[in-house]
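Topology and contacts: notes
Okay, here's what each chain looks like letter by letter:
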Amino acid sequence: MKKVLSVLLVLGLVFTLAACAPASTTTSDSAADGSLDAVVEAGVLRVGVKEDVPNFGLKNTATGEIEGFEIDIVKLLAKEILGDENAYELTPVTAKTRGPLLDNGEVDLIIATFTITEDRKLTYNFSTPYYEDAVGLLVKKEAGFTGLADMDGKVIGVAQSATSKEAVNKVAAEKGITVSFSEYATYPEIKAALDSGRVDAFCVDGSILGGYVDDSTMILPDRFSPQEYGVTSKLDNIALTEAVDGYISGWLADGTIEELITKWGLNY
Ligand code: GLU
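Here, residues in each chain are numbered from 1, in the same order as that chain's written sequence. Predicted model: local features are reported for residues with pLDDT of at least 70 only, side-chain atom pairs are reported and counted for 80 or more only, and whole-chain, interface and lining totals are derived from all residues. Computation of side-chain values covers all heavy atoms of the structure but excludes hydrogens and water.

Here's the deal with the site of the ligand
In the vicinity of the ligand, 15 residues are found, and the nearest of them are Lys50, Thr113, Thr115, Tyr187 and Asp205. One of the side-chain N or O atoms of Thr113 is found 2.7 Å from an oxygen atom in the ligand. In this structure, a nitrogen atom belonging to the ligand sits 2.6 Å away from a side-chain N or O atom of Asp205. Here the ligand, which alone exposes 280 Å², has 100% of that area covered by the protein. Mapped onto the shell around the ligand, the elements with two or more residues apiece are strand E11 (201–205) and strand E13 (224–229). Residues are sorted three ways: Asp, Glu, Lys and Arg are charged, Ala, Val, Leu, Ile, Met, Phe, Trp, Tyr, Cys and Pro are nonpolar, and all the rest, Gly among them, are polar. Taken together, the residues that form the shell around the ligand break down as seven nonpolar, four polar and four charged. The rule for a residue being near a molecule or strand is that one of its heavy atoms must lie within 4 Å of it. Any N or O atom pair separated by 3.5 Å or less is treated as a polar contact, with the protein-specific requirement of one donor-capable and one acceptor-capable atom, and with residues adjacent in sequence counted only for side-chain atom pairs. All accessible-area figures derive from a Shrake-Rupley calculation using a 1.4 Å probe, and residue coverage is judged against the displayed protein chains alone. Counting from the N terminus, the helices are DSSP H or I runs at least four residues long and the strands are E runs at least two residues long.

What follows is the structure, given as C-alpha coordinates:
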(Lines give C-alpha, C1' and ligand atoms only; values in the text may rest on other atoms or scores of the structure.)
Protein backbone atom coordinates (compact mmCIF):
# COMPACT_ATOMS: atom_id res chain seq x y z
CA MET A 1 0.00 0.00 0.00
CA LYS A 2 2.85 2.35 0.97
CA LYS A 3 4.54 1.57 -2.34
CA VAL A 4 1.39 2.37 -4.33
CA LEU A 5 0.99 5.63 -2.46
CA SER A 6 4.53 6.74 -3.16
CA VAL A 7 4.19 5.85 -6.85
CA LEU A 8 1.02 7.96 -6.98
CA LEU A 9 2.85 10.78 -5.22
CA VAL A 10 5.69 10.71 -7.76
CA LEU A 11 3.22 10.62 -10.66
CA GLY A 12 1.37 13.58 -9.17
CA LEU A 13 4.61 15.51 -8.90
CA VAL A 14 5.50 14.72 -12.52
CA PHE A 15 2.12 15.95 -13.76
CA THR A 16 2.34 19.10 -11.66
CA LEU A 17 5.81 19.86 -13.01
CA ALA A 18 4.64 19.27 -16.58
CA ALA A 19 1.71 21.62 -16.07
CA CYS A 20 4.04 24.34 -14.74
CA ALA A 21 6.64 24.07 -17.50
CA PRO A 22 6.64 26.87 -20.08
CA ALA A 23 4.46 26.12 -23.10
CA SER A 24 7.31 26.44 -25.58
CA THR A 25 9.14 23.47 -24.11
CA THR A 26 6.12 21.21 -23.94
CA THR A 27 4.20 21.73 -27.18
CA SER A 28 5.80 20.51 -30.36
CA ASP A 29 3.75 23.00 -32.40
CA SER A 30 5.33 26.04 -30.88
CA ALA A 31 8.76 24.42 -31.10
CA ALA A 32 8.22 23.87 -34.81
CA ASP A 33 7.09 27.44 -35.25
CA GLY A 34 9.75 28.82 -32.99
CA SER A 35 12.42 29.48 -35.58
CA LEU A 36 11.12 32.92 -36.49
CA ASP A 37 11.07 33.76 -32.79
CA ALA A 38 14.58 32.32 -32.49
CA VAL A 39 15.83 34.56 -35.32
CA VAL A 40 14.21 37.61 -33.70
CA GLU A 41 15.65 36.65 -30.32
CA ALA A 42 19.14 36.14 -31.76
CA GLY A 43 18.85 39.46 -33.62
CA VAL A 44 20.59 37.98 -36.63
CA LEU A 45 19.42 36.15 -39.76
CA ARG A 46 21.88 33.39 -40.66
CA VAL A 47 21.85 32.62 -44.37
CA GLY A 48 23.74 30.18 -46.60
CA VAL A 49 24.75 31.85 -49.87
CA LYS A 50 26.97 31.21 -52.86
CA GLU A 51 30.31 33.03 -53.00
CA ASP A 52 31.32 31.99 -56.52
CA VAL A 53 28.31 32.94 -58.63
CA PRO A 54 28.76 36.33 -60.34
CA ASN A 55 25.94 38.80 -59.66
CA PHE A 56 24.12 36.31 -57.38
CA GLY A 57 26.62 35.74 -54.57
CA LEU A 58 30.24 36.50 -55.34
CA LYS A 59 33.10 37.31 -53.01
CA ASN A 60 34.58 40.72 -53.75
CA THR A 61 38.30 40.01 -53.51
CA ALA A 62 39.08 43.65 -52.66
CA THR A 63 36.69 43.92 -49.69
CA GLY A 64 36.24 40.26 -48.73
CA GLU A 65 32.46 40.85 -48.79
CA ILE A 66 30.02 38.60 -50.66
CA GLU A 67 27.82 40.65 -53.00
CA GLY A 68 25.00 40.09 -55.48
CA PHE A 69 21.28 39.74 -56.16
CA GLU A 70 20.82 37.01 -53.56
CA ILE A 71 22.72 39.01 -50.93
CA ASP A 72 20.40 41.97 -51.58
CA ILE A 73 17.48 39.63 -50.88
CA VAL A 74 19.17 38.68 -47.57
CA LYS A 75 19.42 42.40 -46.69
CA LEU A 76 15.76 43.03 -47.51
CA LEU A 77 14.71 40.06 -45.37
CA ALA A 78 16.92 41.18 -42.45
CA LYS A 79 15.32 44.61 -42.64
CA GLU A 80 11.79 43.20 -42.62
CA ILE A 81 12.35 40.55 -39.96
CA LEU A 82 14.79 42.39 -37.68
CA GLY A 83 14.41 46.04 -38.65
CA ASP A 84 18.08 46.24 -39.68
CA GLU A 85 19.34 45.41 -43.15
CA ASN A 86 22.77 44.58 -41.71
CA ALA A 87 21.51 42.08 -39.14
CA TYR A 88 22.61 39.03 -41.09
CA GLU A 89 25.42 36.51 -41.12
CA LEU A 90 26.47 34.78 -44.35
CA THR A 91 27.84 31.25 -44.68
CA PRO A 92 29.28 30.26 -48.07
CA VAL A 93 27.69 27.04 -49.34
CA THR A 94 28.00 24.63 -52.26
CA ALA A 95 25.33 22.46 -53.87
CA LYS A 96 26.55 19.64 -51.63
CA THR A 97 26.81 21.48 -48.29
CA ARG A 98 23.71 23.71 -48.32
CA GLY A 99 21.16 21.01 -47.38
CA PRO A 100 23.19 19.64 -44.44
CA LEU A 101 23.87 23.19 -43.13
CA LEU A 102 20.13 23.81 -43.03
CA ASP A 103 19.45 20.37 -41.53
CA ASN A 104 21.84 20.86 -38.63
CA GLY A 105 20.59 24.36 -37.85
CA GLU A 106 23.78 26.24 -38.74
CA VAL A 107 21.78 28.52 -41.01
CA ASP A 108 18.16 29.70 -40.90
CA LEU A 109 17.75 30.02 -44.67
CA ILE A 110 19.49 29.13 -47.90
CA ILE A 111 19.44 31.70 -50.71
CA ALA A 112 21.93 30.09 -53.06
CA THR A 113 20.68 29.29 -56.57
CA PHE A 114 18.67 26.47 -54.96
CA THR A 115 16.36 25.03 -57.61
CA ILE A 116 12.85 24.12 -56.49
CA THR A 117 12.08 20.48 -57.39
CA GLU A 118 9.25 18.15 -56.39
CA ASP A 119 11.78 15.83 -54.72
CA ARG A 120 13.39 18.60 -52.70
CA LYS A 121 9.99 19.85 -51.58
CA LEU A 122 9.69 16.60 -49.60
CA THR A 123 12.67 17.68 -47.49
CA TYR A 124 12.62 21.51 -47.49
CA ASN A 125 10.29 24.45 -47.79
CA PHE A 126 10.79 26.72 -50.78
CA SER A 127 9.43 30.22 -51.24
CA THR A 128 7.70 31.35 -54.41
CA PRO A 129 10.48 31.43 -57.07
CA TYR A 130 12.40 34.72 -57.19
CA TYR A 131 14.36 33.89 -60.35
CA GLU A 132 14.38 31.44 -63.24
CA ASP A 133 17.59 30.24 -64.85
CA ALA A 134 18.34 27.33 -67.20
CA VAL A 135 21.06 24.71 -67.49
CA GLY A 136 23.95 25.17 -69.94
CA LEU A 137 27.32 23.76 -70.96
CA LEU A 138 30.79 25.26 -70.70
CA VAL A 139 33.26 23.79 -73.21
CA LYS A 140 36.78 24.46 -74.44
CA LYS A 141 36.80 26.75 -77.47
CA GLU A 142 39.42 24.58 -79.16
CA ALA A 143 37.09 21.53 -79.02
CA GLY A 144 34.88 23.12 -81.66
CA PHE A 145 31.54 22.10 -80.11
CA THR A 146 28.61 24.20 -81.28
CA GLY A 147 25.68 22.74 -79.36
CA LEU A 148 24.28 19.99 -77.23
CA ALA A 149 24.00 17.63 -80.22
CA ASP A 150 27.83 17.52 -80.38
CA MET A 151 27.93 15.94 -76.92
CA ASP A 152 27.06 12.44 -78.22
CA GLY A 153 29.46 9.96 -76.59
CA LYS A 154 31.12 12.71 -74.50
CA VAL A 155 31.84 12.97 -70.77
CA ILE A 156 30.00 15.71 -68.89
CA GLY A 157 31.24 17.06 -65.56
CA VAL A 158 28.46 17.76 -63.05
CA ALA A 159 28.29 18.63 -59.35
CA GLN A 160 27.06 16.15 -56.76
CA SER A 161 23.64 17.05 -55.32
CA ALA A 162 22.85 19.30 -58.29
CA THR A 163 19.98 19.02 -60.75
CA SER A 164 22.37 19.06 -63.74
CA LYS A 165 22.80 15.30 -64.35
CA GLU A 166 19.05 14.69 -64.47
CA ALA A 167 18.59 17.72 -66.71
CA VAL A 168 21.19 16.47 -69.22
CA ASN A 169 19.84 12.92 -69.16
CA LYS A 170 16.37 14.20 -70.02
CA VAL A 171 17.46 16.42 -72.89
CA ALA A 172 19.93 13.79 -74.20
CA ALA A 173 17.10 11.25 -74.38
CA GLU A 174 14.96 13.78 -76.27
CA LYS A 175 17.79 14.41 -78.74
CA GLY A 176 18.66 10.71 -79.05
CA ILE A 177 22.24 11.13 -77.86
CA THR A 178 24.20 9.24 -75.20
CA VAL A 179 26.48 10.91 -72.69
CA SER A 180 28.36 9.80 -69.59
CA PHE A 181 29.06 11.73 -66.40
CA SER A 182 31.86 12.49 -63.98
CA GLU A 183 30.62 13.87 -60.67
CA TYR A 184 32.54 16.31 -58.49
CA ALA A 185 31.98 17.94 -55.09
CA THR A 186 32.79 21.47 -56.22
CA TYR A 187 32.68 23.63 -59.34
CA PRO A 188 36.42 24.49 -59.32
CA GLU A 189 37.08 20.73 -59.52
CA ILE A 190 34.85 20.44 -62.61
CA LYS A 191 36.59 23.41 -64.22
CA ALA A 192 39.99 21.79 -63.54
CA ALA A 193 38.71 18.55 -65.09
CA LEU A 194 37.57 20.50 -68.17
CA ASP A 195 40.93 22.28 -68.45
CA SER A 196 42.86 19.03 -68.22
CA GLY A 197 40.58 17.21 -70.67
CA ARG A 198 39.09 14.72 -68.19
CA VAL A 199 35.62 15.96 -69.10
CA ASP A 200 34.39 17.39 -72.41
CA ALA A 201 31.90 19.82 -70.88
CA PHE A 202 31.07 21.43 -67.54
CA CYS A 203 27.32 21.42 -67.01
CA VAL A 204 25.28 23.48 -64.56
CA ASP A 205 22.96 26.52 -64.49
CA GLY A 206 24.05 29.36 -66.79
CA SER A 207 24.38 31.77 -63.86
CA ILE A 208 26.90 29.49 -62.18
CA LEU A 209 28.84 28.80 -65.40
CA GLY A 210 29.27 32.58 -65.70
CA GLY A 211 31.76 32.42 -62.83
CA TYR A 212 34.01 29.97 -64.66
CA VAL A 213 34.11 31.11 -68.26
CA ASP A 214 37.56 32.37 -69.29
CA ASP A 215 39.64 33.03 -72.42
CA SER A 216 39.93 29.37 -73.40
CA THR A 217 36.30 28.37 -72.72
CA MET A 218 32.82 29.34 -73.92
CA ILE A 219 29.21 28.71 -72.89
CA LEU A 220 27.25 26.96 -75.64
CA PRO A 221 24.08 28.78 -76.76
CA ASP A 222 21.80 25.79 -75.92
CA ARG A 223 19.90 26.24 -72.67
CA PHE A 224 17.61 23.59 -71.22
CA SER A 225 15.72 22.54 -68.09
CA PRO A 226 14.37 25.73 -66.46
CA GLN A 227 15.66 26.20 -62.91
CA GLU A 228 13.44 28.16 -60.54
CA TYR A 229 15.26 29.44 -57.47
CA GLY A 230 13.50 29.63 -54.10
CA VAL A 231 14.47 30.75 -50.61
CA THR A 232 14.87 27.50 -48.72
CA SER A 233 14.04 26.74 -45.10
CA LYS A 234 13.56 23.71 -42.90
CA LEU A 235 10.35 21.81 -43.45
CA ASP A 236 9.09 22.43 -39.89
CA ASN A 237 9.99 26.13 -39.79
CA ILE A 238 6.45 27.14 -40.65
CA ALA A 239 6.47 30.68 -39.25
CA LEU A 240 9.78 31.65 -40.88
CA THR A 241 8.78 30.03 -44.18
CA GLU A 242 5.45 31.85 -44.32
CA ALA A 243 6.98 35.20 -43.38
CA VAL A 244 9.71 34.86 -46.05
CA ASP A 245 7.25 33.75 -48.70
CA GLY A 246 5.02 36.73 -47.95
CA TYR A 247 7.93 39.14 -48.43
CA ILE A 248 9.18 37.47 -51.65
CA SER A 249 5.67 37.47 -53.14
CA GLY A 250 5.29 41.15 -52.22
CA TRP A 251 8.62 42.06 -53.84
CA LEU A 252 7.66 40.15 -56.99
CA ALA A 253 4.37 42.04 -57.15
CA ASP A 254 5.72 45.54 -56.42
CA GLY A 255 8.70 45.36 -58.79
CA THR A 256 11.43 45.17 -56.13
CA ILE A 257 12.79 41.85 -57.46
CA GLU A 258 12.65 43.17 -61.04
CA GLU A 259 14.68 46.22 -59.96
CA LEU A 260 17.31 43.98 -58.39
CA ILE A 261 17.43 41.81 -61.53
CA THR A 262 18.14 44.96 -63.54
CA LYS A 263 20.63 46.27 -60.95
CA TRP A 264 22.68 43.07 -61.23
CA GLY A 265 22.29 42.72 -64.98
CA LEU A 266 20.75 39.24 -64.80
CA ASN A 267 19.58 38.43 -68.29
CA TYR A 268 20.39 34.77 -68.84
N1 GLU B 1 20.62 25.22 -59.18
C2 GLU B 1 20.98 23.85 -59.36
C3 GLU B 1 20.53 23.02 -58.21
O4 GLU B 1 19.93 23.54 -57.29
C5 GLU B 1 22.47 23.71 -59.60
C6 GLU B 1 23.31 23.50 -58.42
C7 GLU B 1 23.65 24.73 -57.63
O8 GLU B 1 22.78 25.54 -57.36
O9 GLU B 1 24.82 24.86 -57.23
O10 GLU B 1 20.73 21.84 -58.20
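Read on for the rest.
With respect to helix H6 (residues 164–175)
One less than the number of residues in a helix, times 1.5 Å, gives the span that helix is expected to have. With 12 residues, H6 should cover 16 Å at 1.5 Å per step; its first-to-last C-alpha distance of 16 Å lies within 8% of that length. Among the residues of H6, those classed as buried are Ser164, Ala167, Val168, Val171 and Ala172. The buried residues of H6 occupy an angular sector of 125 degrees when the element is viewed end-on, so they sit on one face. Away from the buried face of H6 by more than 90 degrees, exposed residues Glu166, Lys170, Ala173 and Glu174 are located. Structurally, H6 contributes buried residues whose contacts are with strand E8 (131–140), strand E9 (155–159), strand E10 (180–184), E11 and E13. Backbone geometry just after H6 places Gly176 at a positive phi near 70 degrees. Partly exposed describes any residue whose relative accessible area lies between the buried limit of under 20% and the exposed limit of over 50%, with all areas from a 1.4 Å probe on protein chains only and scaled to the type maximum. The arc in question is the one spanned by the directions pointing from the helix axis to the C-beta atoms. Residues are treated as being in contact if the distance between any of their heavy atoms lies within 4.5 Å.

As for the confidence of the model for the chain
Residue-level confidence of the predictor is what pLDDT reports, using numbers from 0 through 100. Of the residues in the chain, 87% reach a pLDDT of 70 or more, and the chain-wide mean stands at 90. For residues 7–34, every residue scores under 50 in pLDDT, and the model assigns this stretch 11 contacts once sequence neighbours within four places are set aside.

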